[in-house]
Amino acid sequence: MVEFGLIGDVRKREIRFSYRIYLMILLSAIAILSAPPSLANESERDKSLPRNTATNLVAQRITRVAGVEVTQTKEGLELVLETAAGNERLVPLFVSQGNDLIIDILDATLAFELRNGVIRTNPVPGITTISVNSLDENSIRIKITGEQQAPSAEVVSGSDGLVLSVTPERVIAESDESIEIIATGEVENDDYLVPDASTATRTNTPIRDIPQSIQVIPQQVIEDQQAIGLDEILTNVSGVVPDGSNGNFTESFNIRGFDNTPVLQDGFRQFGGFGQNFVETANLEQVEVLKGPASILYGEIEPGGIINLVTKKPLAQPLYEAKLQLGNRALVRPQIDFSDALTSDGRLSYRLNALYRHENSFRDFDQDFKRFFIAPVISWQIGDRTDLTIQLDYTDDESPFDTGLPASGNGIVDVPFESIIEEPDSIVENETINIGYSLEHRFSDNWRLRNAFRFSERDIFLNGPITIDFDQETGDLSRFLGIQNDDIENYTLQTNVVGEFDTGSVQHTLLFGVDLNRTDDRSISRFDFFALETLNIFDPVFGVFDNVDPDDVPVGSDVDVQSDRLGIYLQDQIEILDNLILLAGVRYDTIENTTVNGPDDFGTEASETTENFDDVNPRFGLVYQPIPQISLFGSYSQSFSPSFDTDSSGDLLEPEKGEGFEFGVKGEILEGKLLATLGYFNITKKNVATPDPEDFFSSVATGEQSSQGIEFDLIGEIMPGWNIVASYAYIDAEVTEDNAIEVGNRLFIL
């Protein structure tokens, strides 16, 4: 497939072609469309429904398969497809083709955790392969391959879901005429609505069963928008706004009024440096945004929330896709996405994403935006209960060092928008590599062990003038040359155990885990405050730094920070009743930071300091479902973030502490095709660093900030071929205590 997209902008205006149309409609119209059937006998019907029902089971036409089990029998084997609701029936259609027995199931789909399909090889003598895959959005295909001829199968009656008794080496009489099965559903697709998410609980849990706001933007939305930046994807989520790029160093976001939001990749975070590097969207399966304090699972974070990027994994069926995007400013963005099996039994498979991007800046820089990206992934099904995934991604970025235009009066200085205050050849180079593995072993149907490791290294180089003063009347800027070298290494190991068990009539999903991380952040800055040069913004003359040798610029700082982190957490999802779920958990973190300051060229001597601190953070949440379509939820959670400011004794301040309350309602309407979330939140961050009134050069942890507001998110399909993504947020974020900032001032949000 070759795809052309026109992406043009003067600043960021885009022209895109897509068969999908995004709508902003009123809730009242949705309510009319989604009027449910009579619920007179709803309480009697719902008593048998388990908590893992992720769709409207009263009128749902598409059945979700939540599990696949293969068990050996005397005659051959038994194949079980478990439905999410536990009381739904699947109707199979059989056809024999050569050595293959093909079974198609209409009006059914695989759960998110089974999205890549299921393969079992050599389960019993006479059968070589069993595979279960999505045929399209609304049908499933089972293929059972015999060694010499097609096996036979029959449905075991009296069971929910689908139970097949499969016998090898039995001849099935074939019809004289070939049979063609075309599996179609009543709706085109439901890809805009992903019913499950793992970011909020580190378990595959239906969104409606999570007592916290979480939004999932799936791959289909990313493709329909032709998004080439994470900021474009996150415009679909309420309460999330871009938070600047620090001169094209980093990509940062603000959630619910709090900045420095961590961006995780498959649950792993890059610590150190200036923050997250720019994300490549070509490798994204979906983006999950968990709002509110979440240190229970991810350690040190800001109280606004986290962003987790779920990357693409190998598929059970072959995929060969090529795309090309062209746009103004000489945008060229070719990419490929390949996936296939590497062995005949399908146990070893791969996926490869790669792209090249070139784009001119909209400002007067000679330096262009350039990117090369490649991400190979290998998946190995070691056994029926053990899976291993090895993945790598490499990004090489070049971009202009661009700090924008200076403020003047109540706006920016009155010059053409394309004007610059750096040099035309100012540059930022950013090279990143991530490599690691994910291993899962299932001891039984109810207990599994997951272990994963990531190593990441990021090298940053900057060369360009830094502005320290601007005279609004004359237009003169005082600048000095700045050169920055950063080398950040992260080693992270995550291990957890997930178990499902009952205590009487109460069902539990228990999670216990340990996180280990070591970060080594080496930063060398070169600058000379005494070698200032003047640039007049109204009549600029560039090139004053062209003859400066970088090695001749004095070393202003040489800092090496090594951080060791240990986190231990325990969480239990408790189904007290069929419609009442309690989520409770606690985490303990301990961190050691060792900072080594090397000598600089301004007379500062070498020094070394070590700081230790620990923290405990709980989380509680409750979900009540009066009817299967509606979830009422409430939660309380905490977060923490280390402070790098020091007091008058030179010691680091106490970590910043966040706590948040959240209440809301989630609804699955239009027969489970549309998910709406409405919530109120109240978050407080304490121990914020503020100037010490008795020591100008020190700080005290007495500052406080608060944020409260209302958020609404809507995503899904309103009718065949018509999808909607809508969001609204009202946020009141302000300073409530500080020694320098006036109380009542709003928190900084771009």
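Report follows, based on the coordinates.

Here is what the cut-offs are and how they apply
- Per-chain numbering applies: the sequence of each chain, read as written, is numbered from 1 onward.
- Local features in this predicted model are restricted to residues of pLDDT 70 or higher, and side-chain atom pairs are both shown and tallied only at a pLDDT of 80 or more, whereas totals for entire chains, interfaces and linings draw on every residue.
- Think of the side-chain values as coming from all heavy atoms in the structure, minus any hydrogens and water.
- Every helix listed is a DSSP run of H or I at least four residues long, and every strand listed is a run of E at least two residues long, numbered separately from the N terminus.
- When checking whether two residues touch, look at their non-hydrogen atoms; a contact exists if any pair is within 4.5 Å.
- The Shrake-Rupley method, run with a 1.4 Å probe sphere, supplies the accessible areas, and residue values consider only the shown protein chains as cover.
- Accessibility here uses a 1.4 Å probe with only protein chains present; expressed as a share of the type maximum, an area under 20% marks a residue as buried, one over 50% as exposed, and anything in between as partly exposed.
- When DSSP finds two or more bridges between two strands, those strands count as paired.
- For helices, the fitted line uses only the C-alpha atoms of the stretch in contact; every axis is such a line through C-alpha atoms, and the angle between N-to-C directions lies from 0 to 180 degrees.
- When a carboxyl oxygen of Asp or Glu lies within 4 Å of a side-chain nitrogen of Lys or Arg, that pair is called a salt bridge.

1. Some details on the overall build of the chain
Turning to step 1, where the next piece is worked out: Across its full length, the chain carries five helices and 40 strands.
Turning to step 2, where the next piece is worked out: Once local pairs closer than 6 in sequence are excluded, the contacts in the chain between residues at least 24 apart make up 67%.
Turning to step 3, where the next piece is worked out: Taken as a whole, the chain presents about 32,800 Å² of accessible surface, with 54% of it coming from carbon and sulfur.

2. Comments concerning the side chain of Thr684
Turning to step 1, where the next piece is worked out: Counting through the fold element by element, Thr684 comes out in strand E38 (residues 674-692).
Turning to step 2, where the next piece is worked out: Residue classification places Thr684 among the buried positions, given a relative accessible area of 17%.

3. Points about the sheet that holds strand E9 (residues 139-146)
Two modes of strand pairing occur in sheets, parallel and antiparallel, and in both the strands are linked by backbone hydrogen bonds.
Turning to step 1, where the next piece is worked out: Reading across the sheet, the five strands line up as E4-E5-E9-E8-E7 and stay open at both edges, with antiparallel pairing between neighbours. This sheet does not close on itself; its edge strands, each paired only once, are strand E4 (92-97) and strand E7 (118-124). Neighbouring strand axes in the sheet, compared pairwise and without regard to direction, differ in orientation by 20° on average.
Turning to step 2, where the next piece is worked out: Taken together, the six bridges between E4 and strand E5 (residues 100-106) define a ladder with antiparallel strand orientation. Residue pairing across strands places Phe94 opposite Ile103, the latter belonging to E5.

4. Quick look at the pairing of strand E36 (residues 630-641)
Turning to step 1, where the next piece is worked out: Among the 12 residues in E36, 10 count as buried, and that is most of the element.
Turning to step 2, where the next piece is worked out: Summarising the sheet, strand E35 (residues 607-627) and E36 pair through seven bridges and their orientation is antiparallel. Looking at the pairing, Tyr624 lines up with Leu632 of E36.
Turning to step 3, where the next piece is worked out: Count of turn residues in the E35/E36 antiparallel hairpin: two residues.

5. Focus: the sheet that holds strand E3 (residues 77-83)
Turning to step 1, where the next piece is worked out: With mixed pairing, the five strands of this open sheet are ordered in space as E6-E2-E3-E11-E10. With partners counted over all chains shown, the strands left at the sheet margins are strand E6 (108-110) and strand E10 (152-155), one partner each. The average undirected angle you get between the axes of adjacent strands in this sheet is 35°.
Turning to step 2, where the next piece is worked out: Across five bridges, the pairing between E3 and strand E11 (residues 162-167) is antiparallel. Looking at E11, one finds that Leu77 is bridged to Val166.

6. Some words on the pattern of salt bridges
Turning to step 1, where the next piece is worked out: Per the counting criterion, the structure on display carries 33 salt bridges.
Turning to step 2, where the next piece is worked out: Taking the shortest distance from any N to any O, the salt bridge between Arg385 and Asp445 comes out at 4.0 Å. With a gap of 60 residues between them, Arg385 in the loop between strand E24 (369-383) and strand E25 (386-400) and Asp445 in the loop between strand E28 (427-442) and strand E29 (447-470) connect regions that are remote in the sequence.
Turning to step 3, where the next piece is worked out: Among the residues examined, Arg385 registers a relative accessible area of 36% and is labelled partly exposed.
Turning to step 4, where the next piece is worked out: One salt bridge connects Asp615 with Lys657, and the closest N-O pair in it is separated by 2.8 Å.

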